[in-house]
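# A look at the structure
The chain contents come next:
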Amino acid sequence: MVSIVWLRDDLRTADNPALLAAVHGGEAAALYVLDEESPGIRPLGAAAKWWLHHALKSLREDLDALGIPLVLLRGPAGEVVPAFVQQSGAEQIFWNRRYGGPEREVDTAVKERAAAEGVHAESFQASLLHEPWTVRTGSGGPYRVFTPFWRTVSAMDFRAPLSAPEPAAAPPAGIPSGVDLDDWNLLPQHPDWTAGLAEAWIPGEEAGMSALSDFLGGPVENYDDGRDRPAKPGTSRLSPYLRWGHVSPFQVWHELSRVRGKGPGPDVFGTEIGWREFCWHQLFHNPDLATKNLRPAFDGFPWDHPEGAGPRTPAILRGKQAQAPLESRPEELDPLDAWKAGRTGIPLVDAGQRQLWSIGWMHNRVRMVTASFLIKNLGIHWRVGEEWFWETLVDADPASNPANWQWVAGSGADAAPFFRIFNPQTQAKRFDPDGAYIARWVPQALTPAYPEPLVDLTESRRHALEAYESIR
Ligand SMILES: Cc1cc2nc3c(=O)[nH]c(=O)nc-3n(C[C@H](O)[C@H](O)[C@H](O)COP(=O)(O)OP(=O)(O)OC[C@H]3O[C@@H](n4cnc5c(N)ncnc54)[C@H](O)[C@@H]3O)c2cc1C
């Protein structure tokens, strides 16, 4: 009997209950569908597409070694998946659950269609430690505050990670072939700006598990302090591996339990895994988290720059101007483009934005600072920044990205109060005291020739607080 495993944000062979079920159910084939057409599905950003291309190449090698062919298809999954099941003669299909609104609608439709056609369809929990509908406050609603949420979730018993399946004797016969990965054109061509990404990352399961063991073998011990030092390798850099499911939260939690008790570092790290859960909890209960303020009072906020600018890449990052000396800021650059290009004249903000553009990732402390600067000092809507991060992060996550932007904006769950405005200069002194992070990403910022800040920090702060008063 042929079984299909439909892989989505779980691109791994170990701790993959859907894959195991497919293998146990007979001869297994794996399917990945690039779906940019189903209603409400958010198309991937450019850095995420780069990651996906390499992740699928790596996954194909891992699955080949297990005798499981990986078939790639493109189109609306609600149509493409049932058609593939029928063509391959499969009697069963398995997948691990997704928690976004449009994705759940697609999955429900595929399940109903399978039932109508006599195909067994079954889903599993694999991407989150908690199922968002099982955890409720005393009054029965979803959690809006992190601490009680995590107190409840972290007290639950999480299953141990599962092994990868044993290799099959032979791959199943008669599985229709899919499309060629290269035909998806996931890699940018003109220009190809991904050299920094390729230097910084190896997408895939093996690299993800190495990142986990390297981190738990050392930096985790001092994580409580190290996580705030952007110049040092004090964090795990697991975010893209968790985002794409090369590593599961069950694997992280299980491995983390082996180093618990070595100071506060491991416990603090466990709490960050909790924030990931909390972001997904929010998205499950608020499917429009990326577009709608969780606190409606913010709907009337008088932004200087409204939403809707889109993730357009400014010419200065695309064209020849990218080589323009950093000491100067071309006059025509508007504040949003200056922020995107790391040319605001505020060293920590510029360093962060340049790290993001170079390697598709930014340190968490700096993400908070650059987001706060965009929203509060430049008066630009959080959605504009969220879209830019969505376009440029390799870990761009449907839940963590909007939840964190709303957290910084003050419009989200358990959000920092709006009036808590990060001062990027104070933050730099505190968390990058010797300027090593700034020196790494914008050495010019440490010279007297560096341009003046785009805005006066005190004046723009006052302006932001006045705007906030108008919606209180
Ligand atoms: C404005 C803004 C946007 C963000 N966008 C994303 C995003 O798109 N994708 C993403 O994975 N994270 C996002 N984060 C959260 C955080 O910055 C990254 O998860 C972290 O920097 C990744 O580095 P790391 O793996 O070394 O983290 P570590 O410090 O080693 O943490 C371990 C893991 O915990 C999770 N985690 C840590 N902090 C958070 C957090 N605040 N919220 C949710 N999960 C967290 C991540 O999965 C991370 O890999 C954002 C934060 C801000 C302020």
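Everything below is about the structure printed above this text.
Predicted, not measured: the structure shown is a model, and the values here were computed from it.

## So, the overall build of the protein chain
When helices and strands are tallied, the protein chain shows 20 helices and five strands. Taken against the 2.2 N^0.38 rule, which gives 23 Å for 472 residues, the C-alpha radius of gyration of the protein chain at 23 Å falls within 12% of a compact globule. Expressed as lengths along the three principal axes of its C-alpha atoms, the size of the protein chain is roughly 70 × 55 × 45 Å. Taken across its 472 residues, the protein chain has 57% of its residues classed as buried. Relative to all contacts within the protein chain whose residues are 6 or more apart in sequence, the contacts with residues 24 or more apart total 79%. Surface exposure of the protein chain reaches about 19700 Å², of which carbon and sulfur atoms provide 51%. Side-chain charges of the protein chain comprise 45 positive and 60 negative groups, with the mean position of each set lying 6 Å from the other.

## Considering the site of the ligand
Taken together, the neighbourhood of the ligand is formed by 28 residues, with Tyr223, Thr235, Ser236, Arg237 and Asn364 sitting nearest. The separation between a nitrogen atom of the ligand and a polar side-chain atom of Asn401 is 3.1 Å. Calculation on the ligand without its partners gives an accessible area of 820 Å², and the protein chains cover 97% of this total. Of all elements in the fold, only α9 (239–243), α11 (265–285), α15 (364–377) and α17 (400–409) reach the threshold of two or more residues within the shell around the ligand.

## A short note on the pattern of salt bridges
Tallied over the entire structure, the rule returns 19 salt bridges. As a salt-bridge pair, Glu131 and Arg97 come within 2.5 Å of each other at their nearest N and O atoms. Pair noted here: Glu131 is in the loop between β5 (120–124) and α5 (146–154) and Arg97 is in the loop between β4 (92–96) and α4 (101–116), with a separation of 34 residues, a long-range link. Taking the relative accessible area as the measure of exposure, Arg97 reaches 24% and is therefore partly exposed. In this structure, the salt-bridge partner of Arg462 is Glu466, at a minimum N-O distance of 2.4 Å. With Arg462 and Glu466 both in helix α20 (residues 457–469), this residue pair falls four residues apart, about one helical turn. According to the relative accessible area criterion, Arg462 is partly exposed, its value standing at 41%. Several salt bridges converge on common partners, so that one network encompasses Arg8, Arg98 and Asp107.

## Notes on the side chain of Thr392
The residue Thr392 is located in helix α16 (residues 382–392) in this model. Owing to a relative accessible area of 5%, Thr392 belongs among the buried residues under this scheme. Among the polar contacts listed, one links the side chain of Thr392 to the backbone oxygen of Trp388, at a separation of 2.7 Å. The residues touching Thr392, leaving out its near neighbours within four places in the chain, are Ala47, Leu356, Trp357 and Gly360.

## Brief notes about the packing of α16 against α17
Their axes nearest at 10 Å, the elements α16 and α17 cross at an angle of 145°. In this structure, the crossing between α16 and α17 has a hand that is right-handed. In this structure, α16 uses Trp382, Gly385, Glu386, Phe389 and Trp390 to contact α17, whose residues at the interface are Asn401, Pro402, Trp405, Gln406 and Ala409. Split by residue class, the contact of α16 with α17 holds six nonpolar, three polar and one charged.

## Quick word on the sheet that holds β4
Pairing in this open sheet of five strands is parallel, and the strands run β3-β2-β1-β4-β5 from one edge to the other. The open sheet has two edge strands with one neighbour each: β3 (70–74) and β5. Across the sheet, the mean angle from the axis of one strand to that of its neighbour is 25°, orientation sign disregarded. Across six bridges, strand β1 (residues 2–7) lies against strand β2 (residues 27–34) in parallel orientation. Paired with Leu7 across the two strands is Tyr32, which belongs to β2. The strands touched by helix α2 (residues 46–65) within the sheet are β1, β2 and β3, with β3 carrying the most contacts at an inclination of about 150°.

## Quick notes on the nonpolar core
By size, the foremost hydrophobic cluster in this structure holds 128 residues, and its most contacted members are Leu11, Leu52, Leu56, Leu238, Phe269 and Trp339. Among the elements that make up this core, the one with the highest residue count is α2 (nine residues). In contact with Leu238, not counting residues within four places along its chain, are Gly208, Ala211, Leu212, Val247, Val252 and Phe269.

## Section: the packing of aromatic side chains
Per the stated rule, a full pass over the model turns up 33 aromatic pairs. With centroids separated by 4.2 Å and ring planes inclined at 10°, the aromatic side chains of Phe146 and Trp275 adopt a geometry described as stacked. Here Phe146, found in helix α5, pairs with Trp275, found in helix α11; they are 129 residues apart in sequence, far enough to count as distant. Since its relative accessible area comes to 6%, Phe146 is described here as buried. By relative accessible area, which is 24% here, Trp275 ends up partly exposed. Taken together, Tyr143, Phe146, Phe149, Trp150, Phe158, Trp253, Trp275 and Phe278 form an aromatic cluster joined through their ring pairs. Just above the ring of Phe431 sits the side chain of Arg365; from NZ or CZ to the centre is 4.2 Å.

The rules behind each value
- Residues numbered from 1 in each chain as written.
- Predicted model: local features only at pLDDT ≥ 70, side-chain atom pairs only at ≥ 80, totals over all residues.
- Heavy atoms only, no water.
- Helix = DSSP H or I, 4+ residues; strand = E, 2+ residues; numbered from the N terminus.
- Rg over C-alpha atoms; globule rule 2.2 N^0.38 Å.
- Buried < 20%, exposed > 50% of the residue type's maximum accessible area, 1.4 Å probe, protein only.
- Contact = heavy atoms within 4.5 Å.
- Areas by Shrake-Rupley, 256 points an atom, 1.4 Å probe, with all protein chains shown as cover.
- Lys, Arg positive; Asp, Glu negative; His and termini not counted.
- Charge placed at Lys NZ, Arg CZ, Asp CG, Glu CD.
- Near = heavy atom within 4 Å.
- Polar contact = N/O pair within 3.5 Å; in protein donor to acceptor, adjacent residues only side chain to side chain.
- Salt bridge = Lys/Arg side-chain N within 4 Å of Asp/Glu carboxyl O.
- Axes fitted to C-alpha atoms, helices over the stretch in contact; angles between N-to-C directions.
- Left-handed = near helix turned anticlockwise from the far one by under 90°.
- Nonpolar A, V, L, I, M, F, W, Y, C, P; charged D, E, K, R; others polar.
- Pairing = 2+ DSSP bridges.
- Core = buried A, V, L, I, M, F, W, Y, C linked by side-chain atoms within 4.5 Å.
- Phe/Tyr/Trp six-rings, centres within 6.5 Å; stacked < 30°, edge-to-face > 60°.
- Lys NZ or Arg CZ within 6 Å of the ring centre and 35° of its normal.

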